[in-house]
Amino acid sequence: MYHSKFWKRFLKEATPWARDNIFWGTAVLVIPPIVVLLRNPAATLDWQTVKLTLILYGITFVLYF
C-alpha cells in the first residue's frame, strides 16, 4: 500500500523535474556558444563536444518520453 502511493507521488514529482533539467541543460549548452560567435565570429569552439553533448541530451529526451 505504502509503496504504491510512494511510487505514484515520486513519478508525479520527478517527471517535471527531469523535463526541466533536460531543457535547462540544453539551454546552458547552446546559448554560450551562440553568444561567443555573435561577439567574436573568429573564435574557435570545440564543436565535437557540443555535438556529442547535444546527442546525449537528445537520447535522454527520447528516454524521458
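Above this text sits the structure in question.
Residues numbered from 1 in each chain as written. Predicted model: local features only at pLDDT ≥ 70, side-chain atom pairs only at ≥ 80, totals over all residues. Heavy atoms only, no water.

Check the secondary structure of the protein and you find 2 helices and 0 strands. For 65 residues, the compact-globule formula gives about 11 Å, and the C-alpha radius of gyration of the protein, at 17 Å, lies well above that figure. Expressed as lengths along the three principal axes of its C-alpha atoms, the size of the protein is roughly 60 × 20 × 15 Å. In the protein, which comprises 65 residues, the share counted as buried stands at 9%. By element, 71% of the accessible surface of the protein is carried by carbon and sulfur atoms, the whole surface being about 5,900 Å². (Helix = DSSP H or I, 4+ residues; strand = E, 2+ residues; numbered from the N terminus. Rg over C-alpha atoms; globule rule 2.2 N^0.38 Å. Buried < 20%, exposed > 50% of the residue type's maximum accessible area, 1.4 Å probe, protein only. Areas by Shrake-Rupley, 256 points an atom, 1.4 Å probe, with all protein chains shown as cover.)

Here we take up the environment of L45. Turning to its location among the elements, L45 is positioned in the loop between α1 (2-39) and α2 (47-64). As a C-alpha pair, L45 and P33 span 12 residues in sequence and 7.4 Å in three-dimensional space. Beyond its immediate stretch of four places on either side in the chain, L45 contacts P33, V36 and L37. (Contact = heavy atoms within 4.5 Å.)

For the rest of this paragraph, the subject is the packing of aromatic side chains. As enumerated under the stated definition, the model contains 3 aromatic pairs in all. A ring pair is formed by F6 and W7, whose centres lie 5.2 Å apart and whose planes are at 75 degrees; its orientation type is edge-to-face. Of the residues examined, F6 reaches a relative accessible area of 37% and is grouped as partly exposed. Consider the rings of F23 and W24, whose centres lie 4.9 Å apart with planes at 70 degrees: the pair is edge-to-face. Accessibility expressed as a relative area gives 54% for W24, which makes it exposed. What links up through ring pairs into an aromatic cluster is the set Y2, F6 and W7. (Phe/Tyr/Trp six-rings, centres within 6.5 Å; stacked < 30°, edge-to-face > 60°.)

Across its 38 residues, α1 extends 55 Å between first and last C-alpha, which sits within 8% of the 56 Å expected from 1.5 Å per residue. The sharpest bend along α1 reaches about 25 degrees and sits at A14, with the proline P16 one to four residues further on. Taken together, the buried positions of α1 are occupied by I22, G25, A27, L29 and P33. (Expected span 1.5 Å × (residues − 1). Bend = angle between axes of the 7 residues up to and from the residue.)

Glancing now at the environment of P33. Positionally, P33 belongs in helix α1. Distance from P33 to K8, taken between C-alpha atoms, is 39 Å for residues 25 residues apart in sequence. When neighbours within four sequence positions are excluded, P33 is seen to be in contact with L45, W47 and V50.

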